Amino acid sequence: RQMLINAEYIRGEEDIANNIDDTKRILPYIEKAEREWIINAIGVKNYKDLEKGTDDAVLNLLLEGGYYKEDTIFFSGLRKAIAHLAYSLFVRNDNVFSTSSGFRYKGNTELSDRIEDKTILRVANEAEARGLKYLNECISYLKIAQGNTAVFKVTKKKFIIIGN
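Residues numbered from 1 in each chain as written. Predicted model: local features only at pLDDT ≥ 70, side-chain atom pairs only at ≥ 80, totals over all residues. Heavy atoms only, no water.

**Student:** Which parts of the structure should I look at to understand the overall build of the protein chain?
**Tutor:** When its secondary structure is counted, the protein chain shows seven helices and four strands. In the protein chain, the succession of helices and strands from N to C terminus is α-α-α-α-α-β-β-α-β-β-α. Among the 164 residues that make up the protein chain, the fraction classed as buried is 39%. The long-range fraction of contacts in the protein chain, counting pairs at least 24 apart against all pairs at least 6 apart in sequence, stands at 67%. Of the roughly 9,900 Å² of accessible surface on the protein chain, a fraction of 51% belongs to carbon and sulfur atoms. (Helix = DSSP H or I, 4+ residues; strand = E, 2+ residues; numbered from the N terminus. Buried < 20%, exposed > 50% of the residue type's maximum accessible area, 1.4 Å probe, protein only. Contact = heavy atoms within 4.5 Å. Areas by Shrake-Rupley, 256 points an atom, 1.4 Å probe, with all protein chains shown as cover.)

Here it is, written out as structure tokens:
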């Protein structure tokens, strides 16, 4: 399936090491962000048009962001929204692995130390908040550009750390 961004786009927005396997550890979160937040927020038809590529100026501006309403309003665009939402999922789940013995946390190496769960959650929540802000800007743009009232405001999901 064609996604609207790739791992390199996220690396341009957030700090992710180059030696991380994109196929296994980043692309699933891009797909999940698009599926869980983007498709319903902008409408299936708009999403499918963007997915296959379009010459529609409204949709291209939606994707890349920019100025609208006679250059009085600026928004960051759908790609930035997806990047930050996918990054928030990546941060929450990056070092948790499913094994035959259950879920395990990737241990310390001699070059790094494990950080606290609350720090991971803070970074993830900040990225998600940015992504949702950008997505809501996109929705506002679509409402004006397409007169579309079917799109809706997206709100934050609740994530808590159990046991703290």
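From this point, the narrative continues.
**Student:** Sorry if this is basic, but what is going on with the packing of helix H4 (residues 44-52) against helix H5 (residues 57-64) here?
**Tutor:** Any two packed helices are characterised by the angle at which their axes cross and by the distance between the axes. Across the interface, H4 lies against H5 with an axial gap of 11 Å and an inter-helix angle of 85°. Comparing their axes, H5 and H4 come out roughly perpendicular. Between H4 and H5, the residues in contact are Asn46, Asp49 and Leu50 and Leu59, Leu62 and Leu63, respectively. (Axes fitted to C-alpha atoms, helices over the stretch in contact; angles between N-to-C directions. Parallel < 35°, antiparallel > 145°, perpendicular 65-115°, else oblique.)

**Student:** Mind showing me how you'd approach helix H3 (residues 27-42) here?
**Tutor:** The α-helix winds at 3.6 residues per turn, so residues separated by three or four positions along the chain end up facing the same way. At Arg35, H3 shows its largest kink, close to 40°. Considered for burial, the residues of H3 that qualify are Tyr29, Ile30, Ala33, Glu34, Trp37, Ile38, Ile39, Ala41 and Ile42. Of the surrounding secondary structure, the elements contacted by the buried residues of H3 are helix H1 (7-13), helix H2 (22-25), H4, H5, helix H6 (78-93) and helix H7 (117-146). Positive phi shows up at Gly43, right after H3, with a value of about 95°. (Bend = angle between axes of the 7 residues up to and from the residue.)

**Student:** Sorry if this is basic, but what is going on with the nonpolar core here?
**Tutor:** Note that soluble globular proteins tend to have their nonpolar side chains buried in a common cluster. Among the nonpolar cores identified, the biggest contains 43 residues, and Ile10, Ile38, Leu62, Leu78 and Leu135 are the most heavily contacted of them. Listing elements by their share of this core, those giving two or more residues are H1, H3, H4, H5, H6 and H7. In this view, Ile38 contacts Ala33, Tyr47, Leu78, Ile82, Leu85 and Leu135; residues no more than four positions away in its chain are not counted. (Core = buried A, V, L, I, M, F, W, Y, C linked by side-chain atoms within 4.5 Å.)

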